[in-house]
Amino acid sequence: MAAWDLSVIVEDLGADAPPITISVTSDLHIGGVILKLVEKMQIKRDWSDHALWWEQKQRWLLRTAWTLEKCEVHADARLIFMPQHKPLKLGLPNGLTLKLRACFSNPVFQTVMGICRLLNIRRPEELSLLRPVEEKKKKKDKDLSEDIYDLTEVPLSSVSRPCLYNGMPAHFADSDKLEAVYKMLSVTQPLPAPEVIAKQYRPASVVDKAHINGRWLDSSRCLMQQGIKENDRIWLRFKFFSFYDIDPKYDVVRVTQLYEQARWAVLLEDIDCTEEEMMLFGALQYHISKVSQSEPQMLCSSAALDDLETALQSLEVKMEGESSSASELLVRMMATSLSSTKCVYFFRPKRLTLKGYKQYWFKFQDTSISYFKSKEESIGEPIQQINLKGCEVAPDVNVAAQKFLIKLLIPAPEGMNEVYLRCENEQQYAQWMAACRLASKGKSLADSTFQSEIDSIRSFLAMQKTNGSQGHADASDESINPHSLVSPRYHKKYKPKQLTPRILDAYQNVAQLSLTDALMRFLQIWQALPDFGLSYVVVRFKGSRKDEVLGIAPNRLIRIDLAVGDVIKTWRYNNMKQWNVNWDIKQVAIEFEGNVNIAFSCLTADCKIVHEFIGGYIFMSTRSREKSEVLNEELFHKLTGGHEAL
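The protein chain has the name Fermitin family-like protein 3 in an unreviewed UniProt entry, where Oryzias melastigma is given as its organism. Taken from UniProt, the Sequence similarities (unreviewed entry) comment for the protein chain reads in full: "Belongs to the kindlin family."

Next comes the structure, spelled out in C-alpha cells:
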C-alpha cells in the first residue's frame, strides 16, 4: 500500500507548535499511528492517557485496533493528540466549586460515574451534568474571587465502592487539605445571607423552569462532542428524582448534597409550597445549621461491621416473605376497605357556581371510592364510584385553621376531573390521604405500606402544630435571621419580627431531632410536595395551535396549560406501551394502553433531553435490591441513547 503523510497536532507541545507529520499507510491501525507519533516526538513521559481526537468529525479514535481505512481517516483529517482526562470546574449543589480531572472521551454517563466515585456519592445514575446559568456580574463584584478547591491530583478510582479510612475515602485521607475538602462535601453549608439569596437566579415562571432543563448534557455523548473545553465550568445536580436506597450511614455526601439541592429549590421558589410548609422548612434549616455546628457528623463504621450488616440485610430480605404472622395476614385481609366513621365532605368545582361542599358517606375499596347519601344507603348502589388509579393527589392543609383537604385530579377522556375531599380531623385525613396516595399508584389498602404512610402523614401534621404556650427552648430571637431561612417572597411580605415567632413555633416540633433525622425529615417533606420531581419542557402537541408545558415526573407525564397552570391530562409510565422519536422532525410520539396516542415537538429543550428523561425514569424503576450494586449501563444507554445508542 502506498504511504502518505498524516499531520497530527500534539496539544501538550503548546498552541504555537507546528503539527507533527508522520508517514502512514491506510492499513496502519490507530495504535500504530500513536506509536509512530510518540517515537518521532522523542519525549519520554507517560502517554497512556492520550488519544486522538478527530476535529472535523467531532469524535475520538479510541479503537486502537481499527485501521485508518476502517476509521475513514485520510490525509486531510485534522487530528489532535491530547489527554482524555482534563481539569473541569465542577459546581456542586451546595455552592462549592471543585477543580477535578474528568474524562472527556467517555459518554457523560460514565464521566458522572467517575466523578461520583471520587466524591463518594452512591447511585451516580441519579445525577448528571448541566451547563450553568449565566450570572450577570456587576462592576462592583469584580474583586470577589471565588474559592475553588483543587482535586486535580486525586486519582480517579475504577473501584465502584472506594476503600474507607476514618469514615472517608482513602484518597481524601492523604492530607489535611483534602480532608477539609471532604468535610465540606459531607457537612451542610452555613445559612446563606439574605442578600446572597436575593442575588441568585430565580425562575419567575414555568417557562423559566423549562429553559433550565434545556441545559442538561447528553448522557450518551462525551464532553468534547458537546463543546465542553478544559477548565470550563459545569454543574453536577440530581436529575432523576427517584432516590433509591438512601442510607445515611453510607450516603453522607449524597444526603448532604441532596439536602442542599432541595434547600435551594425551596429558597429560590423552584418548587411551590404553602406558607406553613415554608415555616417548617425554615425551622428545619435553622435546626440543621445549629446542630451541624455542634454535633460531629457520624461518617462510617469499620468494613467488618459493614459486611456483617450487609449479610444481615440480605438475610432479612430472604426471611421477609416468611415473617408475616397469621394475625398480621388476617389484619391485612380485613383492611381492604375503609369507611368514613364521620362523613367526608365532597366538592366538585364547576365554573360559575357558588355551591359549597356536600356531605356524603364515603367508602374506600381497593383503589376506588364510592359515595352515598347516608350510611344506611351504603348497602345499595353508590351515587358514583371513582377509580383513583393514575390520579393526582395533592394536600391542602392548614393545621392551625383545622383545614384538611385532599385535592384529586382524576383522569377522564376529555381531560382531568377536579374533586375535593374535606376531612373532619387529623386522624381521618391521615387515613384517607394515605389511601388516596396508594390508590393513585394502583395499590390497595391491603398493601404493607399503608400504615407507614399514615404514620408519615401524622408526623408531618404534628410538625405543623404551633406551641404558642411553650417557651422557645434553645433558641433566642437574636440567634435567628428569618430572611436566611425563607424565600424572598416572604422577605417582602413579612418583617423579620413577624417571621421569627412563626419559625420558632415550628422549631419546637423538630428541636429534638438528631442531625441525620432532621436532614431525612427535610427531604421527606420536600418529596411530599405536590410539584416534587417535576421537570418542565415547553412543547407543541400535534394538532394543537398553542404552546403547552409537559411536566416529566418520576412516574408520569403531565400536560399543563401554559397560561393558567392547570393540569389538563396525566399519563402514567406503567400504562405506556412504547415511545418513539422522529429525529428528523424532532417529534416525540408515545403510545399508551387503551389506544391513546400523543405526539409533541419540544420548544425549550432538545427532544433528546425529553427522551432521556422518560427512558431514565423507566431505567430507575428497574433497580432492585438483589442487583443493587451492579449498574446495568447497557440498559441505560438502550433506554436513553436514541439513534446514537452505544
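Enquirer: Describe the overall build of the protein chain, naming the residues involved and giving the relevant values.
Expert: When its secondary structure is counted, the protein chain shows 17 helices and 27 strands. Looking at the protein chain residue by residue over its 646 residues, the buried ones come to 48%. Restricting the contact set of the protein chain to residue pairs at least 6 apart, pairs at least 24 apart contribute 64%. A total accessible area of about 32500 Å² is found for the protein chain, and carbon and sulfur atoms account for 50% of it.

Enquirer: Explain the nonpolar core residue by residue, including any values.
Expert: The nonpolar side chains of soluble globular proteins are, as a tendency, buried together. Core analysis: the biggest nonpolar cluster contains 116 residues, and L119, L129, L151, W526, I590 and F600 have the highest contact counts within it. Here this core takes nine residues from helix α8 (residues 275-294), the largest share from any one element. Setting aside its immediate chain neighbours within four residues, F600 contacts V539, R540, F541, K542, L550, K586, Q587, V588, I590 and V610.

Enquirer: Can you break down the sheet that holds strand β4 (residues 59-61) residue by residue, with the values?
Expert: Reading across the sheet, the five strands line up as β2-β1-β5-β3-β4 and stay open at both edges, with mixed pairing between neighbours. A single partner strand is all that each edge strand has here, and the edge strands are β2 (20-24) and β4. Direction aside, neighbouring strands of the sheet carry axes that sit 40° apart on average. The sheet contact formed by strand β1 (residues 4-10) and strand β5 (residues 79-83) spans three bridges and is parallel. Pairing of V8 across the sheet is with L79, part of β5. On top of the sheet, helix α1 (residues 30-41) reaches β1, β2, β3 (50-54), β4 and β5; it is set at about 130° to β2, its chief contact.

Enquirer: An account of helix α17 (residues 633-640) is requested, with residue identities and associated values reported.
Expert: Regarding α17, the residues found buried are F636, H637, L639 and T640. Projected down its long axis, α17 carries its buried residues within an arc of 165°, all on one side. Exposed positions of α17 whose direction lies more than 90 degrees from the buried face are E634 and K638. Summarising the contacts, the buried residues of α17 are in contact with α3 (108-119), β25 (576-582) and α16 (607-620). Immediately beyond the C-terminal end of α17, within one or two residues, lies G642, with a positive phi of roughly 65°.

Enquirer: Explain the sheet that holds strand β21 (residues 535-541) to me, using residue names and the numbers behind them.
Expert: Across the sheet, which stays open at both edges, the seven strands sit in the order β24-β23-β22-β21-β27-β26-β25 with antiparallel pairing between neighbours. The open sheet has two free edges, formed respectively by β24 (567-572) and β25, since each of these has just one partner strand. Each adjacent strand pair in this sheet contributes to an overall mean axis angle of 30°, direction not counted. With five bridges joining them, β21 and strand β22 (residues 548-552) adopt antiparallel strand pairing.

Enquirer: Which residues make up the pattern of salt bridges, and what are the values?
Expert: Within this structure, the stated rule accounts for 26 salt bridges. Taking the shortest distance from any N to any O, the salt bridge between D245 and R123 comes out at 2.9 Å. With D245 in the loop between β12 (233-238) and α7 (252-267) and R123 in the loop between α3 and β8 (127-130), the pair connects residues that are 122 residues apart, well separated along the chain. For R123, a relative accessible area of 9% corresponds to the buried category. Connected via shared salt-bridge partners are R122, R123, E125, E126, D245, D251, R254 and R623.

Thresholds applied
- Residues numbered from 1 in each chain as written.
- Predicted model: local features only at pLDDT ≥ 70, side-chain atom pairs only at ≥ 80, totals over all residues.
- Heavy atoms only, no water.
- UniProt positions renumbered as here; feature names shortened; annotations may be inferred.
- Helix = DSSP H or I, 4+ residues; strand = E, 2+ residues; numbered from the N terminus.
- Buried < 20%, exposed > 50% of the residue type's maximum accessible area, 1.4 Å probe, protein only.
- Contact = heavy atoms within 4.5 Å.
- Areas by Shrake-Rupley, 256 points an atom, 1.4 Å probe, with all protein chains shown as cover.
- Core = buried A, V, L, I, M, F, W, Y, C linked by side-chain atoms within 4.5 Å.
- Pairing = 2+ DSSP bridges.
- Axes fitted to C-alpha atoms, helices over the stretch in contact; angles between N-to-C directions.
- Arc of directions from axis to C-beta.
- Salt bridge = Lys/Arg side-chain N within 4 Å of Asp/Glu carboxyl O.

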